[in-house]
Amino acid sequence: KAGVTQTPRYLIKTRGQQVTLSCSPISGHRSVSWYQQTPGQGLQFLFEYFSETQRNKGNFPGRFSGRQFSNSRSEMNVSTLELGDSALYLCASHGGSSSYNSPLHFGNGTRLTVT
Amino acid sequence: GNSVTQMEGPVTLSEEAFLTINCTYTATGYPSLFWYVQYPGEGLQLLLKATKADDKGSNKGFEATYRKETTSFHLEKGSVQVSDSAVYFCALSDRPNAGKSTFGDGTTLTVKP
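Source: prediction; values computed, not measured.

Asks: Lay out the pattern of salt bridges with the relevant residues and their values.
Replies: Pairing of side chains with opposite charge becomes possible as their charged atoms draw close. Within the structure shown, the criterion is met by 9 salt bridges over all chains. The closest approach of N and O atoms between R63 of chain A and E82 of chain A, which form a salt bridge, is 3.6 Å. Within this pair, whereas R63 of chain A is found in the loop between β6 (53–57) and β7 (64–68), its partner E82 of chain A is found in the loop between β8 (74–78) and β9 (87–94), the two being separated by 19 residues in sequence. Look at E82 of chain A and you get partly exposed, because its relative accessible area is 42%. With a shortest N-O distance of 3.4 Å, K52 of chain B and D55 of chain B are connected by a salt bridge.

Here's what the structure looks like:
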């Protein structure tokens, strides 16, 4: 079974630009979550999508948005980039609708650098 | 809300030393507990888990026991190897928000030969 795939692996953008990150979950997984990882803040939850609907949302500004498609693939968009958005963005898929005792399966992340 | 507090790092050990990484949690419900490991340039991968009190998760020589009375889930390994060098994250997942896990800050382990 293929794992979680994130593209691209690396991105360099300029302040003020926007960026779109993509995530393909494990086949059969309907939940996709996004996390921001930085040295200072650790892993911060952005949002979760399940069956094309946003099910949970973290405490990030509206510049961060996402969506999920009918094949469970997800995209995350950040508009008006700021220097502080530089981070590793991790996508994770999850197997069940309510199986909270199942682990998250992470991709290798997209490293975003904002200059 | 939920929170996870991990032992601060970094931790440096010699090969074959005993490892303990402390983890305590606060949760509003009855969570499942996880340890994830992150190797350089990669995402997190599950190391072990426990879903109810007194459960012991184990994998690759690592162990952790779900202690409800002390709200703890400490990670241990009897004899570490150089290949265990990585960042370790303690995490919890609370129903029904399975996709919204709460993570500790991570502990960087370096094992020297």
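Asks: Lay out the interface of chain A and chain B with the relevant residues and their values.
Replies: Each partner contributes residues to the interface: chain A has 23 residues there, and chain B has 24 residues. On the surface where chain A and chain B come into contact, there are 0 salt bridges. There are 5 residue pairs in polar contact (both at pLDDT 80 or more) connecting chain A and chain B. Mapped onto the side of chain A that touches chain B, the elements with two or more residues apiece are β4 (31–38), β5 (42–50), β6 and β9 of chain A. The greatest single-element share of the side of chain A that touches chain B, amounting to 4 residues, is contributed by β4 of chain A.

Asks: Tell me what's going on with the sheet that holds strand β3 (residues 19–24) of chain A, and back it up with residues and numbers.
Replies: Residue and element names in this part refer to chain A. Within the open sheet, the 4 strands sit side by side as β1-β3-β8-β7. Their pairing is antiparallel. Each edge of the open sheet is held by one strand with a lone partner, namely β1 (5–7) and β7. Between one strand and the next, the sheet's axes are offset by a mean angle of 20 degrees, whatever the strand orientation. Pairing analysis gives 3 bridges linking β1 to β3, with the strands arranged antiparallel. Looking across to β3, one finds that T7 is bridged to S22.

Asks: I'd like to hear about the environment of H94 of chain A, residue by residue, with values.
Replies: Residue and element names in this part refer to chain A. Summarising the element assignment, H94 is placed in strand β9. Among the residues examined, H94 registers a relative accessible area of 0% and is labelled buried. The spacing of H94 and L104 is 10 residues in sequence and 5.2 Å in space, taken between C-alpha atoms. Within the local environment of H94, its side chain forms a polar contact with the backbone oxygen of S102, the two atoms lying 3.2 Å apart.

Asks: Residue-level account of the packing of aromatic side chains, with values.
Replies: Counted under the stated rule, the structure contains 13 aromatic pairs over all chains. Pairwise contacts between aromatic rings join Y35, F45 and F106 of chain A together with F34, Y36, F89 and F103 of chain B into one cluster. Directly above the ring of F50 of chain A sits R55 of chain A, whose terminal nitrogen or CZ lies 4.5 Å from the centroid. The aromatic ring of Y30 of chain B is capped on one face by K68 of chain B, whose charged end is 5.1 Å from the ring centroid.

Asks: So what's going on with unusual backbone geometry? Which residues, and what values?
Replies: All names here are of chain A. Following T7, the chain continues to P8 via a peptide bond in cis, the omega torsion being -10 degrees. Turning to its location among the elements, P8 is positioned in the loop between β1 and β2 (10–13). Here E52, not a glycine, exhibits a phi torsion of approximately 70 degrees, which is positive. As for its position among the elements, E52 is in the loop between β5 and β6. According to the relative accessible area criterion, E52 is partly exposed, its value standing at 47%. In this model, T80 sits at a positive phi of 45 degrees, which is unusual for a non-glycine residue. Relative to the helices and strands, T80 is located in the loop between β8 and β9.

Asks: A description of the state of the cysteines should follow, citing residues and the corresponding values.
Replies: In a disulfide, the sulfur atoms of two cysteines are covalently bonded to one another. All names here are of chain A. Under the defined criterion, the tally for this structure stands at 2 disulfides over all chains. Shown here is the disulfide that connects C23 with C91, its sulfur atoms set 1.8 Å apart. Where C23 bonds to C91 through sulfur, the torsion about that S-S bond is close to -60 degrees, and the disulfide is left-handed. One end of the pair, C23, is in strand β3; the other, C91, is in strand β9, and 68 residues separate them in sequence. Just as C23 is buried, C91 falls in that class too.

Reading the values: rules and limits
- Residues numbered from 1 in each chain as written.
- Chains lettered and ligands numbered in written order.
- Predicted model: local features only at pLDDT ≥ 70, side-chain atom pairs only at ≥ 80, totals over all residues.
- Heavy atoms only, no water.
- Salt bridge = Lys/Arg side-chain N within 4 Å of Asp/Glu carboxyl O.
- Helix = DSSP H or I, 4+ residues; strand = E, 2+ residues; numbered from the N terminus.
- Buried < 20%, exposed > 50% of the residue type's maximum accessible area, 1.4 Å probe, protein only.
- Contact = heavy atoms within 4.5 Å.
- Polar contact = N/O pair within 3.5 Å; in protein donor to acceptor, adjacent residues only side chain to side chain.
- Pairing = 2+ DSSP bridges.
- Axes fitted to C-alpha atoms, helices over the stretch in contact; angles between N-to-C directions.
- Phe/Tyr/Trp six-rings, centres within 6.5 Å; stacked < 30°, edge-to-face > 60°.
- Lys NZ or Arg CZ within 6 Å of the ring centre and 35° of its normal.
- Disulfide = S-S within 2.5 Å.

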